[in-house]
Amino acid sequence: MTTRPTPRALADLPYHRHLTAVDEPFDDSTDLDRVHVTGAELSTSDAPASSFSECAFSGVGFGTARLARSHFTDVWLNGCRLVGTDLTDSTWFDAELVNTVLAGTVAYDSTLRRVTFHGCKLASVNLRGGRITDVVFADCALEEVDFGGATLTRVRFPGSTLRDVRLDDATMDRVDLREAADLHLRLGPTSLAGLVVDSAQLVALAPTFARALGVTVTD
């Protein structure tokens with residue numbers, strides 16, 4: 001078991017002294033570097049293939065912004081709302097999301113590497129076909145999150161609840177569920193390998209595993 005990561009504050013970011021405050025929505029095809037976006041409402045933004053490097057977002061409402069194929073590198077989001085946001089085929093490296101809500105977010109075929117979610121709520125988030133590596137969901141609530149067909153490597157869920165989370169046809173390697181607070185998974189017969197659970201979880205998940213394997217248990 002490993003300890004769960006501690007979320008950073010804005011002042012903890014190594015680049016925080018170089019941030020420029022911005023409170024207006026960005027324009028189309030934006031490339032932002034070392035800015036701090038605060039309180040903006042970006043629902044009408046249409047900026048696919050944008051790039052964000054060493055940026056911080058505080059209390060930002062992304063809404064239905066269209067940010068497909070965008071790149072987020074070393075970004076920090078705190079208290080943000082991504083409701084219906086289009087993040088299809090986006091790329092996230094060394095990102096941190098704190099107390100942020102993702103609902104109806106479309107992010108299939110996205111790449112997440114070294115991303116940490118702290119105290120976030122993810123509801124009806126589409127991550128199908130994604131490439132998810134070295135990602136931590138700490139103290140998060142995941143409901144109807146779809147990892148179907150995704151590749152998950154070294155992913156952990158300390159203190160998180162997973163309800164109706166889909167992992168059918170996912171390829172997994174060291175997906176550690178041992179520190180999860182609650183598990184309700186949807187699995188397929190090919191999506192069992194690579195899971196790490198403790199003995200109590202194994203017993204609790206036995207009916208789920210049986211259904212995934214097409215096993216009928218009767219007394």
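The shown structure was predicted, so the numbers you read here are calculated from the model rather than taken from an experiment.

A.B. asks: Got a sec to walk through the overall build of the protein chain? Specific residues and values, please.
C.D. replies: Counting secondary structure elements, the protein chain contains one helix and 21 strands. Counting across all 219 residues of the protein chain, residues that qualify as buried make up 48%. In the protein chain, the share of contacts with a sequence separation of at least 24, taken over all contacts with a separation of at least 6, comes to 9%. Here the protein chain displays about 10,000 Å² of accessible surface, and carbon together with sulfur accounts for 50% of that area.

A.B. asks: For the packing of aromatic side chains, give the residues involved together with the corresponding values.
C.D. replies: In the structure shown here, the tally under the stated rule is seven aromatic pairs. On the basis of an interplanar angle of 75° and a centroid distance of 6.0 Å, the ring pair of Phe52 and Phe57 is categorised as edge-to-face. Phe57 shares its class with Phe52; the two are buried. Summarising the aromatic geometry, the rings of Phe137 and Phe147 are spaced 6.3 Å apart at their centres and angled 75° between planes, so their arrangement reads as edge-to-face.

A.B. asks: Quick rundown of the pairing of strand β15 (residues 131–138)? Include the residues and the values.
C.D. replies: Summarising burial for β15: six of the eight residues are buried, a large majority. Sheet analysis places strand β12 (residues 111–113) next to β15, joined by three bridges and oriented parallel. Residue pairing for β15: Arg113 is matched across the bridge by Thr133. As judged from the three bridges shared by strand β13 (residues 116–118) and β15, these two strands associate in the parallel manner. Residue pairing in the sheet places Thr116 in a bridge with Val136 of β15. As paired elements, β15 and strand β17 (residues 151–156) share five bridges and run parallel to each other. Of the residues in β17, the one forming a bridge with Ile132 is Leu152.

A.B. asks: How would you sum up the sheet that holds strand β16 (residues 141–143)? Please name residues and give values.
C.D. replies: The sheet built from six strands is open, its strands ordered β8-β11-β14-β16-β18-β20 with parallel pairing. Unpaired on one side and paired on the other, β8 (81–83) and β20 (182–186) mark the two borders of the sheet. Averaged over all adjacent pairs, the angle separating strand axes in this sheet is 5°, with direction ignored. Bridge analysis of strand β11 (residues 101–103) against strand β14 (residues 121–123) gives three bridges, and the strand direction is parallel. Considered in β14, the bridge of Leu102 is made with Leu122.

A.B. asks: Break down empty space enclosed by the protein for me, citing the residues and quoting the values.
C.D. replies: Applying the stated criterion across every chain yields a total of one cavity of 30 Å³ or more. What the largest cavity holds in volume is close to 120 Å³. Classifying every residue of the lining of the largest cavity gives twelve nonpolar, two polar and no charged.

A.B. asks: So what about the environment of Thr133? Which residues, and what values?
C.D. replies: Relative to the helices and strands, Thr133 resides in strand β15. On the accessibility criterion, Thr133 (11% relative accessible area) is buried. Sequence separation between Thr133 and Phe93 is 40 residues, and the spatial gap between their C-alpha atoms is 9.8 Å. With residues near it in sequence (within four places) discarded, Thr133 still touches Leu112, Arg113, Arg114, Thr153 and Arg154.

Rules used in this analysis
Sequence positions are assigned chain by chain, starting from 1 and proceeding in written order. Where totals are concerned, whole chains, interfaces and linings use all residues; where local detail is concerned, this predicted model gives features only for residues with pLDDT of at least 70, and gives and counts side-chain atom pairs only at 80 or more. Working from all heavy atoms in the structure, the side-chain values ignore hydrogens and water. Each helix is a run of H or I in the DSSP string that is no shorter than four residues. Each strand is a run of E no shorter than two, and both are numbered from the N terminus. Categorising residues by exposure relies on relative accessible area from a 1.4 Å probe, with only protein chains included: less than 20% of the type maximum marks a residue as buried, more than 50% marks it as exposed, and the intermediate range marks it as partly exposed. It only takes one pair of heavy atoms within 4.5 Å for two residues to be counted as in contact. In these tables, accessible area is a Shrake-Rupley quantity obtained with a 1.4 Å probe, and a residue counts as shielded only by the protein chains included in the view. Two aromatic rings, drawn from Phe, Tyr or Trp (for Trp, its six-membered ring), form a pair once their centres lie within 6.5 Å of each other, and the interplanar angle then sorts them: stacked below 30 degrees, edge-to-face above 60, tilted otherwise. Strand pairing is defined by DSSP finding a minimum of two bridges between the two strands. Angles run from 0 to 180 degrees between N-to-C directions of axes, and those axes are lines fitted to C-alpha atoms, restricted for helices to the stretch in contact. Here a cavity means grid points, on a 1 Å grid over the protein atoms only, where a 1.4 Å probe fits yet cannot get out; a pocket means an open set of points with protein on both sides within 12 Å along at least five of seven lines; lining residues are those with an atom within 4 Å of a point. Grid points are joined across faces, edges and corners, and a volume is the space filled by probe spheres set on the points. All residues other than Ala, Val, Leu, Ile, Met, Phe, Trp, Tyr, Cys, Pro, Asp, Glu, Lys and Arg, Gly among them, are scored as polar; the first ten of these are nonpolar and the last four charged.

This is a description of form; function is not addressed.
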